[in-house]
2 protein chains.
Amino acid sequence: MSLLTVGTVAFDAIETPFGKTDKIVGGAATYIAWSASYFSNKVNIVSVIGDDFDMNELELLKKRGVDTSGIEIKKGKKSFFWSGKYHLDMNSRDTLVTELNVLMEFNPVLPDAYKESDILLVGNIDPNLQIKVIEQLDERPKLIVLDTMNFWMTPAFLPALMKAIEQCDVLAINDAEARQLSNEYSLVKAARKILAMGPKYLIIKKGEHGALLFHENEVFFAPALPLEDVFDPTGAGDTFAGGFCGYLDKTRDISFENMKRAIIYGSAMASFCVERFGTERLKTLSHQEIEDRVKDFIDLVQFDIVLED
Amino acid sequence: MSLLTVGTVAFDAIETPFGKTDKIVGGAATYIAWSASYFSNKVNIVSVIGDDFDMNELELLKKRGVDTSGIEIKKGKKSFFWSGKYHLDMNSRDTLVTELNVLMEFNPVLPDAYKESDILLVGNIDPNLQIKVIEQLDERPKLIVLDTMNFWMTPAFLPALMKAIEQCDVLAINDAEARQLSNEYSLVKAARKILAMGPKYLIIKKGEHGALLFHENEVFFAPALPLEDVFDPTGAGDTFAGGFCGYLDKTRDISFENMKRAIIYGSAMASFCVERFGTERLKTLSHQEIEDRVKDFIDLVQFDIVLED
């Protein structure tokens, strides 16, 4: 199978209670690709960067088998840059700087080789671009997974967002976004409303409080692993999504039962991501470490109850 | 086996986004007893009330097999009264009124028949009283479970609280309390510090985000059930503790593996509690409903991963 992701490749500068970084490589598609590369052997990226980018970072992705030929490099332009500072609880952060740079003229064009992807993971970008990506595919992928954020839920973008949501199979957003999109505080009610908007599956990411997968009248919950320290949460949601899609791509099975496993693998990948700044930890993982981490998740939640009836 | 609980039996007046109540029966020991009565056939309460209390409520508990003879009734005095208003998120609340009344002169004296209890669940009261309760038992119970709150972590009470904690087997507190007690933000670090204070087990209750059970280097997580609406969270933590201890008492097994099951049953009971005001929902449960609810928890978290190694 193959996994195509469209999203940002960027610079971040991050400050957490544990330290701060200069400009390091980030962006949703970067985290997604690193994470998915541990599962899928065909990961393609479509993105845009300036020629200020650290090209060695693309080489590292290529060495992991990621196809980066869909990343457009704009000569004389600067890459998207975001800087933020996390609060002590790591669940909230202040954005210090947002320089859109090349992102302002991002016009994703899929290379022909990408047009028959099995799984499409569209990162959090302008929903008009998300639709444009979907429309470029020769045939509908087996699975379209969509991320978005509150910014696109404003009147100017909401009609396009609703169209993109209608076309996806899996919408993956966080709890605040689910509440805003549905205008419901209860996540169960929010999920019902959002599933009625089109997606067959809804993933609600709750950060350190885990993730919920809704499908028809069923719901599955995966916790986040309790960690000594969350060093840097940047990219955890994208790493989760990358692991989720990578696992589905590897196992060639998009059933609800297999999505449960994919959520556990995605959660395991996210638990590594937050152990270091940026993508650092994702660069050195072994398959044994991933399997051991998944074992930690099994130990964390599995219990053995024989019901009386 | 037998379960003894010591704690408040009281009046509450509650306001939530869904409505408000006049004075209704509440108090930790009330919720604990209702919840435990679905599992243990010998639940004993030690508490104190005024003669303004609704004695029909005690009759209802007696009909469920709860021994209320350890509840002292102070003539001409008023019962403990608490009034609070929940915010929309249901995780935070403002206390509107606290009238300690009879609680100010609470001096728990165990009836002789209670002095050989197998499980002792000491609710959130002055730690000096908690110690006094423990010291009255003829022999050490198989399990002592202790609840407390941030109020007792102030300098005036902390030495007594530390002594009570040292003597318990299971400390059951919420996440904010665990952080305050340990002075650690990370719950993993907090748990390590708190286990070093004496308890063999630590339960950290996270409300709608579930509960963690720590023991030595192991950790177990149970989610809260995603609900349409949390109607009234009052007593959910006590209902959880009552179901936890009741299940352990019924199954006569205080191993870590069985505590996992007990936490699921406690979580199931708490999920019923929040569906109505006060103890209302706990009064009408059937065993079939409880088993069905536990099945919902199994469906919520169970997945099937075969590790590669």
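Keep in mind it's a predicted model, so treat the numbers as computed, not measured.

Scoring rules and cut-offs
Residues numbered from 1 in each chain as written. Chains lettered and ligands numbered in written order. Predicted model: local features only at pLDDT ≥ 70, side-chain atom pairs only at ≥ 80, totals over all residues. Helix = DSSP H or I, 4+ residues; strand = E, 2+ residues; numbered from the N terminus. Rg over C-alpha atoms; globule rule 2.2 N^0.38 Å. Buried ≥ 20, exposed ≤ 12 C-beta atoms within 10 Å, placed from the backbone. pLDDT = per-residue confidence, 0-100. Pairing = 2+ DSSP bridges. Axes fitted to C-alpha atoms, helices over the stretch in contact; angles between N-to-C directions. Contact = placed C-beta atoms within 7 Å.

**Student:** Before we move on, can you summarise the overall build of chain A with the specific residues and values?
**Tutor:** A tally of regular secondary structure across chain A gives 9 helices and 14 strands. For 309 residues, the compact-globule estimate of 2.2 N^0.38 gives 19 Å, and the C-alpha radius of gyration of chain A, at 18 Å, lies within 12% of that figure. Dimensions of chain A, computed from the C-alpha atoms along their principal axes, are close to 70 × 40 × 35 Å. In chain A, which comprises 309 residues, the share counted as buried stands at 50%.

**Student:** Talk me through the confidence of the model for chain A; I want residue IDs and the actual numbers.
**Tutor:** Residues of chain A with pLDDT of at least 70 account for 100%, and the chain-wide mean is 96. Interface scoring of the predicted complex returns ipTM 0.92; its pTM is 0.95.

**Student:** Could you give an account of the sheet that holds strand β14 (residues 218-222) of chain B, naming the residues involved and the relevant values?
**Tutor:** Residues and elements named next belong to chain B. Pairing in this open sheet of 9 strands is mixed, and the strands run β6-β5-β1-β9-β10-β11-β12-β13-β14 from one edge to the other. Only two strands of the sheet have a single neighbouring strand rather than two, namely β6 (66-74) and β14. Averaged over all neighbouring strand pairs, the angle between strand axes comes to 15°, with direction disregarded. Strand direction decides the pairing type here: strand β12 (residues 201-205) and strand β13 (residues 211-215), joined by 5 bridges, are antiparallel. Bridging across to β13, I203 finds its partner in L213. Sitting on the sheet, helix α6 (residues 187-195) touches β11 (170-174), β12 and β13, and the angle it makes with β12 is about 140°.

**Student:** Mind laying out the pairing of strand β2 (residues 10-16) of chain B, listing which residues take part and the relevant values?
**Tutor:** Residue and element names in this part refer to chain B. Counting buried residues along β2, 5 of its 7 residues qualify, which places the element largely inside the surrounding structure. Pairing analysis gives 3 bridges linking β2 to strand β4 (residues 24-26), with the strands arranged antiparallel. What sits directly across from D12, in β4, is I24. The sheet contact formed by β2 and strand β7 (residues 81-86) spans 5 bridges and is parallel. Bridge pairing links E15 to K85 in β7. As judged from the 2 bridges shared by β2 and strand β3 (residues 19-20), these two strands associate in the antiparallel manner.

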